[in-house]
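Chain residues, written in single-letter form:
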Amino acid sequence: MCNEHTDAQLKTRLRQGGATSLNLYVTDMSQCAVLGAASWPWEITGRSSNREMDNSSRVSNGSSSALVNKSSSACTGSGSSCARGLGVDGVTVHYDTLPLGQLQGYNTGGTAIHEVGHWHGLLHVFDNGCSEPGDSVDDTPYCQPPEDERCRASRDSCPQQPGQDPVSNWMGYSVDSCMSSFSPGQLLRAEHMWRRYRLPAG
């Protein structure tokens, strides 16, 4: 599922339901350098760019995780000509990120929760760093991408902005055991994205 063309072909063939149906694909992503990937809700209509959104993904580098910008959608950039739309809509996760998987620290299903967050239109909490508009959610404090994914009790990477980094938020980067929450604002954004993109597309 690392090849865009093959990924699009398989997802189009396997697709079940309409825009409100989450299609979850579990496969070997060890050659993709990512733990999971998701389509964005606005891609259902074939749209490729919307700056309230960012395309980033949680990635794995061997047994440890690294942080890089890489598309978590079926396409790799706003100018990409690859497939979009309902046929490729869904979430893909590496099988070892599920319970009993072999990716130590990432094998309790946290990747699936994180990627379903993207499927609902949620950005990484560290998107845009300490600058506006952040992740476009008012109640998640501004923060920088973490230097590593260790579980930290607290962190303040944007001291000039109010609040500490949301280290336990599902839309950050950390080991599964650290992540446990979405903010009320994220839930409102997810509902807004659902009503704006998924409900009308049926």
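Above: the structure in question.
These lines cover the structure that appears in this document, whether it is placed above or below. Being a predicted model, the structure only gives us computed values, none of them experimental.

Cut-offs used in this document
Residues numbered from 1 in each chain as written. Predicted model: local features only at pLDDT ≥ 70, side-chain atom pairs only at ≥ 80, totals over all residues. Heavy atoms only, no water. Disulfide = S-S within 2.5 Å. Pairing = 2+ DSSP bridges. Helix = DSSP H or I, 4+ residues; strand = E, 2+ residues; numbered from the N terminus. Axes fitted to C-alpha atoms, helices over the stretch in contact; angles between N-to-C directions. Contact = heavy atoms within 4.5 Å. Phe/Tyr/Trp six-rings, centres within 6.5 Å; stacked < 30°, edge-to-face > 60°. Buried < 20%, exposed > 50% of the residue type's maximum accessible area, 1.4 Å probe, protein only. Lys NZ or Arg CZ within 6 Å of the ring centre and 35° of its normal. Arc of directions from axis to C-beta. Polar contact = N/O pair within 3.5 Å; in protein donor to acceptor, adjacent residues only side chain to side chain.

## Notes on the state of the cysteines
Reasoning step 1: Across all of its chains, the model carries 3 disulfides by this definition.
Reasoning step 2: Cys158 provides the cysteine sulfur closest to Cys143, a residue in no disulfide bond, and the two sulfurs are 6.4 Å apart.

## Looking at the sheet that holds strand S2 (residues 36-38)
Two pairing modes exist for strands in a sheet, parallel and antiparallel, and in both the strands are linked by backbone hydrogen bonds.
Reasoning step 1: Taken in spatial order, the 3 strands of this open sheet run S1-S5-S2, and their pairing is mixed. Each edge of the open sheet is held by one strand with a lone partner, namely strand S1 (24-27) and S2. Strand-to-strand, the axes of this sheet are offset by a mean angle of 15°, without reference to chain direction.
Reasoning step 2: Bridging between S2 and strand S5 (residues 91-94) involves 3 bridges; their strand directions are antiparallel. Bridging from a neighbouring strand, Ala37 pairs with Thr92 of S5.
Reasoning step 3: Most of the contacts of helix H2 (residues 110-119) go to S2, to which it runs at about 20°, and overall it touches S2 and S5.

## Thoughts on the packing of aromatic side chains
Given two aromatic rings, one states the distance between the centres and the angle between the planes to describe the pair.
Reasoning step 1: Enumeration over the complete set of coordinates arrives at 4 aromatic pairs.
Reasoning step 2: Ring centres of Trp40 and Trp42 lie 5.0 Å apart, and the angle between their planes is 10°; this geometry places the pair in the stacked category.
Reasoning step 3: Exposure remark for Trp40: the relative accessible area of 1% places this residue in the buried category.
Reasoning step 4: Taking relative accessible area as the criterion, Trp42 reaches 2% and is therefore assigned buried.
Reasoning step 5: Ring centres 6.1 Å apart and planes at 65° place the aromatic pair Trp42 and Tyr197 in the edge-to-face group. Pair noted here: Trp42 is in the loop between S2 and strand S3 (59-61) and Tyr197 is in helix H3 (residues 184-201), with a separation of 155 residues, a long-range link.
Reasoning step 6: A connected cluster of aromatic rings, assembled from ring pairs, spans Trp40, Trp42 and Tyr197.
Reasoning step 7: The ring of Trp119 is capped by Arg198, whose NZ or CZ atom sits 3.6 Å from the centre of that ring.

## As for helix H1 (residues 4-14)
Three- or four-residue spacings in an α-helix give side chains the same orientation, since the helix completes a turn every 3.6 residues.
Reasoning step 1: Regarding H1, the residues found buried are Asp7, Ala8 and Lys11. When H1 is viewed along its axis, its buried side chains cluster within an angular range of 95° and face the same direction. Those residues of H1 that are exposed and angled more than 90 degrees off the buried face are His5 and Arg13.
Reasoning step 2: Its buried side turned inward, H1 meets S1 and S5.
Reasoning step 3: The N-capping residue of H1, defined by a side-chain oxygen 2.9 Å from the backbone nitrogen of His5, is Asn3.

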